[in-house]
Amino acid sequence: MQWGKVKNILIAILLAVNLFLLGNFGMKMWQNRQDAQRLAADVEQLLSGYGLTLDDAFRLPRDSELPTLSLDRSRADEENTALAMLGAVTERIEQEDGTVRFAGADGTVEWQVDGTVQADCDTGAETPDGDAAALRLARRLFAAWGLQAEDAVLTAADGTVTMTGTVAGLPVHNRALSLRFYGTGRAALTGRWSFGTPYTTVRASGTPCIAADALLDFAARSEQKGCVLNMTVGYRMQTDSSRRTQLTPTWKITTDQGEYLVDCAKKTLIEQEE
C-alpha cells in the first residue's frame, strides 16, 4: 500500500514536470513566432522606404549557416563530354587562360576555366517537334554526354531545354545548361557546369546567411523597385585568382523585375562585386 502511494506521487511529479516543459516549449514557440512576425513587419517597413514591397505569399526564409565549398576542375570529364558529343576529336587546343577547345567533324566544344561551356554538334536524331519531344531528347543526350546532376530539373521552352541541379542538396544559382535544337539534327549547348564532388578546404563555422540582412542589402544597393516574390539560399560558382572553382553561399532574390544574387559573406550584389 505504501509503495502504491509513492508510485502515484512519482507519476504526479513526472506529469507536472512534463507539463512544465511542454508549457515552456509552447511559450518559446509562441515567442519565436511573434519575433518572426515583428521582424517581417520591420523588414517590410524598411523596404518600403526603398520602393520595394513584399508579395502577399512571401515568407521570410529561415536563417542558415553554410560553408564555402571547393571544386576541382576535371579536364578528363570535359574531354569525355567532348568525345561523347563529337564522336571523335580531330583538334585539341589549350589556351593560356585555361580554355580548352575541341573540334571534330560533327562540331566543336569549348570549356573555359570557370566552367563555362559552348558547344555545337550533330545530335544524331531528328530535330524535336515541340517541347515534350525536346525534353525526351535532351534527357537522353545529357545522359550520353555525361552531363548529369543531383536533383536534376529540366524545363523546355521554344525548342530550348534548360537543366539545373543541386550541389550538396542546395541550388547553385548560376549553374545551368541550355540545349537549343535547330536546323537538321543540330544542337547548341551553352551554360556553366561543374563535375565532381565539392569539398571544404578549411575548418570553419561557415558563413551566416541572414535573410533579413540580404533583403535590406539588396534594397540599399539595387536601383530596382517593385515587388519581392521569393528568396532562396544556395551557392554560386566563382573562380578565384588561382583558377580554383568555389561554391560561395549566396541568396537569390526574385522580384517581378528579375532575379538578383546577394553574397552572404560580403553582403554585396554580385553584379556590383564583379
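As a reminder, the structure under discussion sits directly above these lines.
Here's what I pulled together on the structure shown here.

Calculation criteria
Residues numbered from 1 in each chain as written. Predicted model: local features only at pLDDT ≥ 70, side-chain atom pairs only at ≥ 80, totals over all residues. Heavy atoms only, no water. Helix = DSSP H or I, 4+ residues; strand = E, 2+ residues; numbered from the N terminus. Buried < 20%, exposed > 50% of the residue type's maximum accessible area, 1.4 Å probe, protein only. Contact = heavy atoms within 4.5 Å. Areas by Shrake-Rupley, 256 points an atom, 1.4 Å probe, with all protein chains shown as cover. Phe/Tyr/Trp six-rings, centres within 6.5 Å; stacked < 30°, edge-to-face > 60°. Lys NZ or Arg CZ within 6 Å of the ring centre and 35° of its normal. Salt bridge = Lys/Arg side-chain N within 4 Å of Asp/Glu carboxyl O.

1. Digging into the overall build of the protein chain
A tally of regular secondary structure across the protein chain gives five helices and 16 strands. Going through the 274 residues of the protein chain one by one, you find that 35% of them count as buried. A separation threshold of at least 6 residues defines the contact pool for the protein chain, and within that pool the share at least 24 residues apart is 57%. Taken as a whole, the protein chain presents about 15,600 Å² of accessible surface, with 52% of it coming from carbon and sulfur.

2. What to know about the packing of aromatic side chains
Aromatic rings in a pair are described by how distant their centres are and how their planes are angled relative to each other. For the coordinates displayed, the defined rule picks out three aromatic pairs. In this structure, Arg175 is placed above the aromatic ring of Trp193, and the distance from its NZ or CZ to the ring centre is 3.8 Å.

3. Some details on the pattern of salt bridges
Opposite charge on two side chains lets them pair, provided their charged atoms get close. Inspection of the entire model under this criterion finds ten salt bridges. Between Glu91 and Arg101 there is a salt bridge, with its nearest N and O atoms 3.9 Å apart. Of this pair, Glu91 sits in strand 4 (residues 91-94) while Arg101 sits in strand 5 (residues 100-104), and the two are ten residues apart along the sequence. We classify Glu91 as partly exposed; its relative accessible area is 37%. Taking relative accessible area as the criterion, Arg101 reaches 29% and is therefore assigned partly exposed. Between Asp217 and Arg221 there is a salt bridge, with its nearest N and O atoms 3.3 Å apart.

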